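Letter by letter, the chains look like this.
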Amino acid sequence: MSSVVVANSNPVYAKKIAAVLRTGGFYVGGICESGAQLMDFANRHYLGGVVVTSVKLKDMSAVNLPRVIRRGYDFLFVIDPRFSGGEPEGCISLRMPLNRMELVATVGMFLNLAVAPVSAPRSEEDGEKGEQAIRRAKSLLMTRNHLTEAQAHRFIQKKSMDAGRKMAETAFIILNG
């Protein structure tokens, strides 16, 4: 079972995020305060999931962790609006203060993207619907997760390639997740 891991140097804030996610119906498998704890958790729970993390943890910057933790974990960065750096390519972020619905929707999107492929559009009309879905999914990622159009396109493209599905299928999952 995929799990959600919350990593934040402030344990009170981490517990609040975990509570919101549990209320949203997600299984929160762990709460970590440091990068070392997060790496240990990921090594023990090999099935993957979603890491909801702040940029800075007690012992390190979390920005490099997606390159270190590769076993099927997607990263959702919770970013202070004053943060001037960028999250790693292929990662999504939400700006503080967190909107509960956006947090739950984004984690749900990641978990839905990890499941089996949906059926692909078959007819020419379905293909047009697929193109519209891709545009709408990019718009959603740009609005909710503060990505540029190119970053949103690359995110959909990468998730599609990782899962072996068409971009339109991934877009439908993003829109319905």
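Description of the structure in this document. Position labels on residues start from 1 in each chain and follow its written sequence. Only residues with pLDDT of 70 or above have their local features reported here, since the model is predicted, and side-chain atom pairs are shown and tallied only from 80 upward, although totals for entire chains, interfaces and linings are computed over all residues. Side-chain metrics in this entry use all non-hydrogen atoms of the structure; hydrogen atoms and water are not considered.

1. As for the packing of helix 1 (residues 11-23) against helix 4 (residues 100-113)
Geometrically, a packed helix pair is captured by the angle between its two axes and the distance between the axes. The condition that has to hold: Orientation is described by axes fitted as lines to C-alpha atoms, over the contacting stretch for helices, and by angles from 0 to 180 degrees between their N-to-C directions. Secondary structure follows DSSP: runs of H or I at least 4 residues long count as helices, runs of E at least 2 residues long count as strands, and numbering of each begins at the N terminus. Here the word oblique covers every angle except those under 35 degrees (roughly parallel), over 145 (roughly antiparallel) and from 65 to 115 (roughly perpendicular). Note on convention: the crossing is left-handed when the near helix lies turned anticlockwise from the far helix by less than a right angle, right-handed when the turn is clockwise. Should any heavy atoms of two residues lie within 4.5 Å, those residues are considered in contact. Note on residue classes: Ala, Val, Leu, Ile, Met, Phe, Trp, Tyr, Cys and Pro are nonpolar, Asp, Glu, Lys and Arg are charged, and everything else, Gly too, is polar.
The interhelical angle for the contact between helix 1 and helix 4, taken along N-to-C directions, is 70 degrees, at an axis separation of 10 Å. Between helix 1 and helix 4, the crossing angle belongs to the class labelled roughly perpendicular. Between helix 1 and helix 4 lies a crossing of right-handed hand. Where helix 1 abuts helix 4, its residues Ile17, Val20 and Leu21 lie against Arg100, Leu103, Val104 and Val107. Of the residues assigned to the contact of helix 1 with helix 4, the class counts are 6 nonpolar, no polar and 1 charged.

2. Thoughts on helix 2 (residues 35-44)
For the record, the criterion: Burial status follows relative accessibility: with a 1.4 Å probe on protein chains alone, a residue under 20% of its type maximum counts as buried, one over 50% as exposed, and anything between as partly exposed. Comment: arc refers to directions from the helix axis out to C-beta atoms.
Listed as buried for helix 2 are Gly35, Leu38, Phe41 and Ala42. Projected down its long axis, helix 2 carries its buried residues within an arc of 120 degrees, all on one side. Of the residues in helix 2, the exposed ones pointing more than 90 degrees away from the buried face are Asn43 and Arg44. Buried residues belonging to helix 2 abut strand 1 (3-7), strand 2 (28-32), strand 3 (49-54), helix 3 (65-68) and strand 4 (73-79).

3. Structural notes on the side chain of Ser54
As a reminder of what qualifies: Each polar contact in these results corresponds to two N or O atoms within 3.5 Å; when the atoms are within protein, one needs to be able to donate a hydrogen and the other to accept it, and residues that are neighboring in sequence are counted only if both atoms are side-chain atoms.
Its location among the elements puts Ser54 in strand 3. When its relative accessible area of 11% is taken as the criterion, Ser54 is described as buried. Among the polar contacts listed, one links the side chain of Ser54 to the backbone oxygen of Lys56, at a separation of 3.0 Å.

4. A look at the environment of Ile17
The residue Ile17 is located in helix 1 in this model. Given a relative accessible area of 4%, Ile17 falls into the buried group. Apart from the residues within four sequence positions on either side, Ile17 is in contact with Val6, Asn8, Val52, Leu98 and Leu103.

5. Points about the sheet that holds strand 1
What counts, and what does not: Here the rule is simple: two strands pair whenever DSSP picks up at least two bridges between them.
Pairing is parallel in the open sheet, where 5 strands are placed in the order 2-1-3-4-5. Two strands in the sheet have a free side with no partner beyond their single neighbour: strand 2 and strand 5 (92-95). Pairs of neighbouring strands in the sheet enclose a mean axial angle of 20 degrees, with direction left out of account. Packed onto the sheet, helix 4 meets strand 1, strand 3, strand 4 and strand 5 and runs at close to 165 degrees relative to strand 4.

6. Some words on the pattern of salt bridges
Threshold: The term salt bridge refers to a side-chain nitrogen of Lys or Arg lying within 4 Å of a carboxyl oxygen of Asp or Glu.
One pass over the structure, following the stated rule, counts 5 salt bridges. The partner of Glu33 in a salt bridge is Lys58, with the nearest N and O atoms 2.7 Å apart. Of the two residues, Glu33 sits in the loop between strand 2 and helix 2 while Lys58 sits in the loop between strand 3 and helix 3, which places them 25 residues apart along the sequence. According to the relative accessible area criterion, Glu33 is partly exposed, its value standing at 25%. Here Asp40 makes a salt bridge to Arg44, at a shortest N to O gap of 3.0 Å. Of the two residues, Asp40 and Arg44 both sit in helix 2, 4 residues apart, roughly one turn of that helix.

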